[in-house]
Amino acid sequence: MAFKPVTHVLFDMDGLLLDTENLYTEIYQTIASKYGKTYTWELKVQLMGMVSTDSVKAFIEKLQIPMTEQEFNDTFRQLCNEYFLRAETLPGVERLIKHLHAHNIPIAIATSSMKSSFDLKTKNHQELVSLFNHVVCGSSDPEVKQGKPAPDVFLVCASRFADKPSPDKVLVFEDAPLGVQAARAAGMQVVMVPDPRMSEELRKEATQVLASLEDFRPELFGLPPFVDI
């Protein structure tokens, strides 16, 4: 498959830059367990990439948990303070980000997270975050009107680069099907790094699918290649 050259790169965060998806699973299962419910992989796939308000609503409705959204959020926030500081970068992340930054490729983060949640997850990764041009937090940014699979978060994020690249010049990295759909809806190419349990059906819209960011070859998209010393 032929890939088109790009000039700018956008990154999702959860499950792509930081290994937070397992932490989310632990938090959601902790809450579900209080009511004798199980947070299944099938439900998790549906929620991945949603803005927080939508994912909370879906979680409560599908598991029929007798909580209000406010009660869920209060409990969730308490657990986040405990869990999210443990977030680690995923394989290949630091190498790729530092490589693109060193070659002056404009990069930014486009996440569905709330700003407060983003700050918590990245507290121990400030050096890495500082390499990005900017960050858009979809759940709390007023310009992002709709969450993924709508293209808003990626279009808003791209528009905040000084030179405002056209969508066809932007490459997105994602792990979630909703994020892949959002990137494609924005008119951007998208490299997917899915959970290995993700079905082939949920991977098919991606421009390229990788097992890890360690496998990414920048030159395929017209970006400077890695130079192994």
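Notes on the structure in this doc start here. Not measured: the values here are computed from a predicted model.

Structural notes on the packing of helix α1 (residues 21-33) against helix α4 (residues 69-83)
1) Next: Interaxial distance between α1 and α4 falls to 10 Å at its minimum, and their mutual angle equals 135°. Overall, the two elements α1 and α4 adopt an arrangement that is oblique. Crossing hand, α1 versus α4: right-handed. Residues Leu 23, Tyr 24, Glu 26, Ile 27, Tyr 28, Thr 30 and Ile 31 of α1 touch α4, and the partners they reach there are Phe 72, Thr 75, Phe 76, Leu 79, Cys 80 and Tyr 83.
2) Next: Classifying every residue of the contact of α1 with α4 gives 10 nonpolar, 2 polar and 1 charged.

Regarding empty space enclosed by the protein
1) Next: Here the structure, examined in full by the defined rule, presents 1 cavity of 30 Å³ or more.
2) Next: Its volume calculated, the largest cavity comes out at about 50 Å³.
3) Next: Looking at the largest cavity, the residues that line it are Met 13, Leu 17, Leu 18, Ile 109, Thr 122, His 125, Leu 128, Val 129 and Phe 132.
4) Next: Classifying every residue of the lining of the largest cavity gives 7 nonpolar, 2 polar and no charged.

Scoring rules and cut-offs
- Residues numbered from 1 in each chain as written.
- Predicted model: local features only at pLDDT ≥ 70, side-chain atom pairs only at ≥ 80, totals over all residues.
- Heavy atoms only, no water.
- Axes fitted to C-alpha atoms, helices over the stretch in contact; angles between N-to-C directions.
- Helix = DSSP H or I, 4+ residues; strand = E, 2+ residues; numbered from the N terminus.
- Parallel < 35°, antiparallel > 145°, perpendicular 65-115°, else oblique.
- Left-handed = near helix turned anticlockwise from the far one by under 90°.
- Contact = heavy atoms within 4.5 Å.
- Nonpolar A, V, L, I, M, F, W, Y, C, P; charged D, E, K, R; others polar.
- 1 Å grid on protein atoms, 1.4 Å probe; cavity = no way out; pocket = protein on both sides within 12 Å on 5 of 7 lines; lining within 4 Å.
- Points joined across faces, edges and corners; volume = space filled by probe spheres on them.

Fair warning: the whole summary comes from geometry, so function is off the table for now.
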